[in-house]
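Coordinate analysis (summary)
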Amino acid sequence: MKTNTIYNRWLIVAGAILIQLALGALYAWSVFTKLLTDPEGIYRFSATETAWIFSAGLATFALVMVLAGRWQARTGPRLMSALGGLLLGLGFVLGGFFGSTFWAQLLFIGVMAGAGIGLAYVVPIAVGVKWFPDRKGMITGLAVAGFGFGATIWVKLAGSWFGGLLNTTSLFGLPGVQSVFLIYGIVFAMLVLLGSIVMIDPPEGYSPAGWDPAEAAAVAKRNSAGFTPNQMLRTPQFYAIWLVFAASAIAGLMVIYCIQLFGIDALEYRGVPNAVVVTGTAMAWYAIFNGLGRILWGMISDRIGRKSAIIAMSAFQGVIMLAMYHGFINFGLATGLIVGASFIGFNYGGIFALFPAITADYFGDKQVGRNYGWVFTAYGVAGLLGPLLAGVFKDSAAAGGTPVVWMTPFLIAGIACLVGALIMLFSRAPGAASGQVPGLRRRRLTLIRA
């Protein structure tokens, strides 16, 4: 949109948080897994089946986000976010009415709702970076913080607040899980539509008050020669960032999916009472620290640099994942599970502040919506690998309810994070884009011809 009437940029932050609160619906999935996998319940899904629904949502989210970055240039951010909210809400509503089978939930909750999230998710990030070129780390953190905090709200509302919607609702005679889907679908659509009202790009030539004009001029110069997606995809830096993102996301998404299943196995095996309540608390704290991590890691990166922050975050996450099975569970039991989940959530939340910002740093602000869509495909791959890593090991375990089955998935995810930290350590920002080929690559081609 070439014109707009919103000049208080903090309204953009408020709208972004409303949108992201609804989009965090996907992270509340673990609150439904116990009822869905209950062998004596009405659904009787396997752990792998519930993982597939979650993974389908994540993969569709990432795939559609690539397309949304391109479509947004034509539709404008306000319409794009509104369409995403309506599709998200419709997916949950249909999942409520018709989600009695695995295939129906896979289609409505996984594919349809996931597509809605993909349409809306990129909007607050792309718009926020343009309004806050002076505070990219902070604004990307704030813009996506609602995603983590929203999961806390939806988990607690479904599981325990006011008696828990899963236990107290039966709309149209539907069972608890489907009744909650129906309620959430309406609420999600309303929140995104409200937030979309202020999703408007700043005027041409916008510069925030108090920002150093020399810095603004330098950024403008870089943005005018920023990388297009085709140019970005020709750089090794893109693939380095992609791999580090995927490694970090695998760890966080695995824990989001399995925290209740893993926690119940580990705590009941050691005789801890109220294991279901403890894991619910761990899920809630995970989501709270997920939101905090998005804000604080973004602010940290504004001080120490995006690359250093990603290295620190990935290494920290790797150590925590390796310690989760033997450390936090053996020492402290219930408290250990909650503390470990909080640390993992904090680091996982950071990737959603750091990777959009480093995409803008490395490849320019001008097309950050489109470029980050491609970087975000790493999240789609992680969405398949992370939950399925946990689900497959759980279903194939011969150890019954013992927690030993969980050691291997945590080990794999922890090593992946440490490898990601090493990859980032050796990465360097690309040269400026020029013509159809990035400048750094063009110089290398010249040397080869010589």
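First, a word on what this report is: a plain description of the structure on this page. These numbers were taken from a predicted model, which means no experiment stands behind them. (Residues numbered from 1 in each chain as written. Predicted model: local features only at pLDDT ≥ 70, side-chain atom pairs only at ≥ 80, totals over all residues. Heavy atoms only, no water.)

Helices and strands together make up the secondary structure of the chain, namely 18 helices and two strands. Within the chain, buried positions represent 59% of all 450 residues. Across the chain, the fraction of contacts at a sequence separation of at least 24, relative to all contacts at a separation of at least 6, is 83%. Accessible area for the chain stands at about 17,400 Å²; split by element, carbon and sulfur atoms hold 69% of it. (Helix = DSSP H or I, 4+ residues; strand = E, 2+ residues; numbered from the N terminus. Buried < 20%, exposed > 50% of the residue type's maximum accessible area, 1.4 Å probe, protein only. Contact = heavy atoms within 4.5 Å. Areas by Shrake-Rupley, 256 points an atom, 1.4 Å probe, with all protein chains shown as cover.)

Here we take up the nonpolar core. Counting 134 residues, the largest nonpolar core has Tyr-121, Phe-245, Phe-352 and Tyr-379 as its most contacted members. If we skip the residues at most four places from it in the chain, Tyr-379 touches Tyr-27, Leu-58, Phe-61, Ala-62, Phe-245, Ala-249, Leu-253, Tyr-348 and Phe-352. (Core = buried A, V, L, I, M, F, W, Y, C linked by side-chain atoms within 4.5 Å.)

The final tally for this structure, using the stated rule, is two salt bridges. Between Arg-306 and Asp-302 there is a salt bridge whose closest N-O contact spans 2.8 Å. Given a relative accessible area of 11%, Arg-306 falls into the buried group. By sharing partners, the salt bridges in this structure join Asp-302, Arg-306 and Asp-361 into a single network. (Salt bridge = Lys/Arg side-chain N within 4 Å of Asp/Glu carboxyl O.)

Counting buried residues in helix α15 (residues 368–375) gives six out of eight residues, a clear majority hidden from the surface. When we look at burial in α15, the residues that qualify are Val-368, Gly-369, Asn-371, Tyr-372, Gly-373 and Val-375.

Attention shifts here to the packing of aromatic side chains. Enumeration over the complete set of coordinates arrives at 35 aromatic pairs. Look at Trp-10 and Phe-132: their rings are 5.0 Å apart centre to centre, the planes differ by 70°, and that puts the pair in the edge-to-face class. With Trp-10 in helix α1 (residues 10–23) and Phe-132 in the loop between α5 (102–131) and α6 (136–159), this residue pair connects regions lying 122 residues apart in the sequence. Note on Trp-10: relative accessible area 41%, which makes it partly exposed. Taken together, the ring pairs in this structure connect Phe-61, Tyr-121, Phe-245, Tyr-286, Tyr-348, Phe-352, Phe-355, Tyr-372, Phe-376 and Tyr-379 into an aromatic cluster. (Phe/Tyr/Trp six-rings, centres within 6.5 Å; stacked < 30°, edge-to-face > 60°.)

At a minimum axis separation of 7 Å, α1 and helix α8 (residues 176–196) run at an interaxial angle of 160°. Put simply, α1 runs roughly antiparallel to α8. Relative to α8, the crossing made by α1 is left-handed. Residues Gly-15, Leu-18, Ile-19, Leu-21, Ala-22 and Leu-23 of α1 lie in contact with α8, whose contacting residues are Phe-188, Leu-191, Val-192, Leu-194, Gly-195 and Ser-196. Each residue belonging to the contact of α1 with α8 can be placed in one class, and the counts come to nine nonpolar, three polar and no charged. (Axes fitted to C-alpha atoms, helices over the stretch in contact; angles between N-to-C directions. Parallel < 35°, antiparallel > 145°, perpendicular 65-115°, else oblique. Left-handed = near helix turned anticlockwise from the far one by under 90°. Nonpolar A, V, L, I, M, F, W, Y, C, P; charged D, E, K, R; others polar.)

With that out of the way, let us pick up unusual backbone geometry. If you check the backbone angles, Arg-44 has positive phi at about 60° while not being a glycine. Relative to the helices and strands, Arg-44 resides in the loop between α2 (30–37) and α3 (47–75). The backbone of Phe-172 shows a phi angle near 55°, a positive value even though the residue is not glycine. As for its placement among the helices and strands, Phe-172 is situated in the loop between α7 (165–168) and α8.

Another aspect to go through is the environment of Ala-62. With respect to the helices and strands, Ala-62 occurs in helix α3. Taking relative accessible area as the criterion, Ala-62 reaches 2% and is therefore assigned buried. Once the C-alpha coordinates of Ala-62 and Ala-382 are considered, the two residues, 320 residues apart in sequence, prove to be 9.9 Å apart.

A word on the packing of helix α11 (residues 236–269) against α15. Following both chains from N to C, one finds α11 and α15 inclined at 60°, their axes separated by 9 Å at the closest point. By the angle between their axes, α11 is oblique relative to α15. Where α11 approaches α15, its residues Phe-238, Ile-241, Trp-242 and Phe-245 are matched on the opposing element by Tyr-372, Trp-374 and Val-375. Split into classes, the residues belonging to the contact of α11 with α15 amount to seven nonpolar, no polar and no charged.

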